[in-house]
Amino acid sequence: MADLDARTRELAQALSAVRHRLDDAVAAAGRTPGEVELLVVTKFFPAADVARLIGLGERAFGESREPEASRKIAELAADGIVAESGAVFDMIGSVQSKKAKTVATWARTVHSVDRDKVVDALSRGAVAARDDGARTDDVGVLLQVSLDGDPTRGGVEETDLGALAEHVAQSPGLHLRGLMVIAPLDGSAERWMVRTAQVRERFLTDHPGARELSAGMSDDLEFAVAHGSTCVRVGTAIMGPRPLISQ
Ligand SMILES: *Cc1c(COP(=O)(O)O)cnc(C)c1O
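Residues numbered from 1 in each chain as written. Predicted model: local features only at pLDDT ≥ 70, side-chain atom pairs only at ≥ 80, totals over all residues. Heavy atoms only, no water.

S.K.: Give me the lowdown on the overall build of the protein chain, citing residues and values where you can.
M.R.: If you tally the helices and strands in the protein chain, you get 10 helices and eight strands. In terms of overall dimensions, the protein chain is globule-like: its C-alpha atoms have a radius of gyration of 18 Å, near the 18 Å expected for 247 residues. For the protein chain, the spread of C-alpha atoms along the principal axes amounts to about 55 × 45 × 35 Å. Per-residue burial over the protein chain gives 49% buried out of 247 residues. (Helix = DSSP H or I, 4+ residues; strand = E, 2+ residues; numbered from the N terminus. Rg over C-alpha atoms; globule rule 2.2 N^0.38 Å. Buried < 20%, exposed > 50% of the residue type's maximum accessible area, 1.4 Å probe, protein only.)

S.K.: Lay out a negative patch on the surface with the relevant residues and their values.
M.R.: A surface patch of like charges, here negative, comprises Asp148, Glu157, Asp160 and Asp186. Tracing the chain through its elements places Asp160 in helix α7 (residues 158–169). (Patch = residues over 30% accessible without salt bridge, like charges linked within 9 Å, V, L, I, M, F, W, Y side chains within 5 Å. Areas by Shrake-Rupley, 256 points an atom, 1.4 Å probe, with all protein chains shown as cover. Salt bridge = Lys/Arg side-chain N within 4 Å of Asp/Glu carboxyl O. Lys, Arg positive; Asp, Glu negative; His and termini not counted. Charge placed at Lys NZ, Arg CZ, Asp CG, Glu CD.)

S.K.: A description of the pattern of salt bridges should follow, citing residues and the corresponding values.
M.R.: Oppositely charged side chains are able to pair whenever their charged atoms sit close together. Enumeration over the complete set of coordinates arrives at 17 salt bridges. Between Glu35 and Arg31 there is a salt bridge whose closest N-O contact spans 2.8 Å. Taking the shortest distance from any N to any O, the salt bridge between Arg52 and Asp49 comes out at 2.9 Å. Of the two residues, Arg52 and Asp49 both sit in helix α2 (residues 47–55), three residues apart, roughly one turn of that helix. Judged by its relative accessible area of 3%, Asp49 falls in the buried class. The network of salt bridges with common partners includes Asp5, Arg7, Glu10, Asp49 and Arg52.

Quick look at the structure:
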């Protein structure tokens, strides 16, 4: 790796450590390798870092803010890197209705859908993106579940989950793929993941095709994998501490 720049070497090392953690967690849970996707969370970091990660073999990235995400993806697309590599980008942050149209042009899946207004805005955006030729597939939707009912963190409570899922299922341009959680900071991460697995099991009786579970971040990915996560969203453990810029 002597020919790689210092940042690429740093990313390669951190990535390798996270990949080992993930492999160990999958093995410890008796699950099949490849069953859990690693989504590298690149918010706040430049397009050049995403390009480095693509060079290191990564293909799935999580972004959380507009217009930062669009700008970055456009930069990579202009260099031909996205088409060449088949890289995909998911929206993991909360979506403002007025930005849903833009998000629908680039997001493979939106992880943070938690209210009817966002479903409608994303559906309109997805249909428009298809009409414009910006995409050919549906926008994947994960419903963000609130585990503790704290409204400031986003997420729908379990009692309202069924109605929201129905709404997505009936919205053109959207494909309901599953659930997403962010473990609350208080209490044990493992206990929140146990609760997540219970919510998911009940949800799957009505929506057996929506099997994705986006759960687990830098600090708690092992617990998430032990309790059924199919996608871990890892930022800090790979990228390092996020720069404190505000846009
Ligand atoms: C930033 C972010 C992450 C990554 O968190 P780390 O602790 O840095 O791994 C995961 N999920 C969401 C929704 C985020 O906004």
